[in-house]
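Survey of secondary and tertiary structure
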Amino acid sequence: MKIKQATMCDFEKIMSFYNVMCKVLGEKDFLPDGDKGGFPSQDMVRDGAVG
């Protein structure tokens, strides 16, 4: 596995992955509050990206 710092070019891929992850985890019994979508906000993700 290779880990790299995200850039703004990765933003759409990151948000797409995050949305799918929240949907799948929201359907699992071990997640007591259900869907965790909404955190971090898109602005927070953008602020964390480089370039």
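What comes next concerns the included structure. (Residues numbered from 1 in each chain as written. Predicted model: local features only at pLDDT ≥ 70, side-chain atom pairs only at ≥ 80, totals over all residues. Heavy atoms only, no water.)

1. Re the overall build of the protein chain
When its secondary structure is counted, the protein chain shows 2 helices and 0 strands. In the protein chain, buried positions account for 18% of the 51 residues. Intrachain contacts of the protein chain at a sequence separation of at least 6 include 53% that bridge at least 24 residues. (Helix = DSSP H or I, 4+ residues; strand = E, 2+ residues; numbered from the N terminus. Buried < 20%, exposed > 50% of the residue type's maximum accessible area, 1.4 Å probe, protein only. Contact = heavy atoms within 4.5 Å.)

2. Points about the pattern of salt bridges
With the rule as written, the count across this model stands at 1 salt bridge. With a shortest N-O distance of 3.6 Å, K4 and D10 are connected by a salt bridge. For K4, a relative accessible area of 58% puts it in the exposed group. (Salt bridge = Lys/Arg side-chain N within 4 Å of Asp/Glu carboxyl O.)

3. With respect to a nonpolar patch on the surface
Taken together, the side chains of F17, M21 and L25 make up a nonpolar region of the molecular surface, amounting to roughly 260 Å² of accessible area. By secondary structure assignment, the location of F17 is in helix α1 (residues 11-26). Look at F17 and you get exposed, because its relative accessible area is 55%. (Patch = residues over 30% accessible without salt bridge, like charges linked within 9 Å, V, L, I, M, F, W, Y side chains within 5 Å. Areas by Shrake-Rupley, 256 points an atom, 1.4 Å probe, with all protein chains shown as cover.)

4. What to know about α1
A turn of α-helix holds 3.6 residues, and therefore any two residues three or four places apart point the same way. Over its 16 residues, α1 runs 22 Å from end to end, which matches the ideal 22 Å to within 8%, given 1.5 Å per residue. Turning to α1, its buried residues number three or more, namely F11, M15, Y18 and C22. Seen end-on, α1 carries its buried residues on one side only, within an arc spanning 60°. Across from the buried face of α1, at angles greater than 90 degrees, the exposed residues are E12, K13, F17, V20 and K23. Those residues of α1 that are buried are in contact with α2 (42-48). (Expected span 1.5 Å × (residues − 1). Arc of directions from axis to C-beta.)

5. Focus: the nonpolar core
One finds F11, M15, Y18, C22 and V45 forming the largest nonpolar core, which totals 5 residues. Ranked by residue count, the leading element in this core is α1, at 4 residues. (Core = buried A, V, L, I, M, F, W, Y, C linked by side-chain atoms within 4.5 Å.)

6. Details of the side chain of D10
Its place among the elements puts D10 in the segment before α1. Excluding residues within four positions of it along the chain, D10 makes contact with K4 and Q5.

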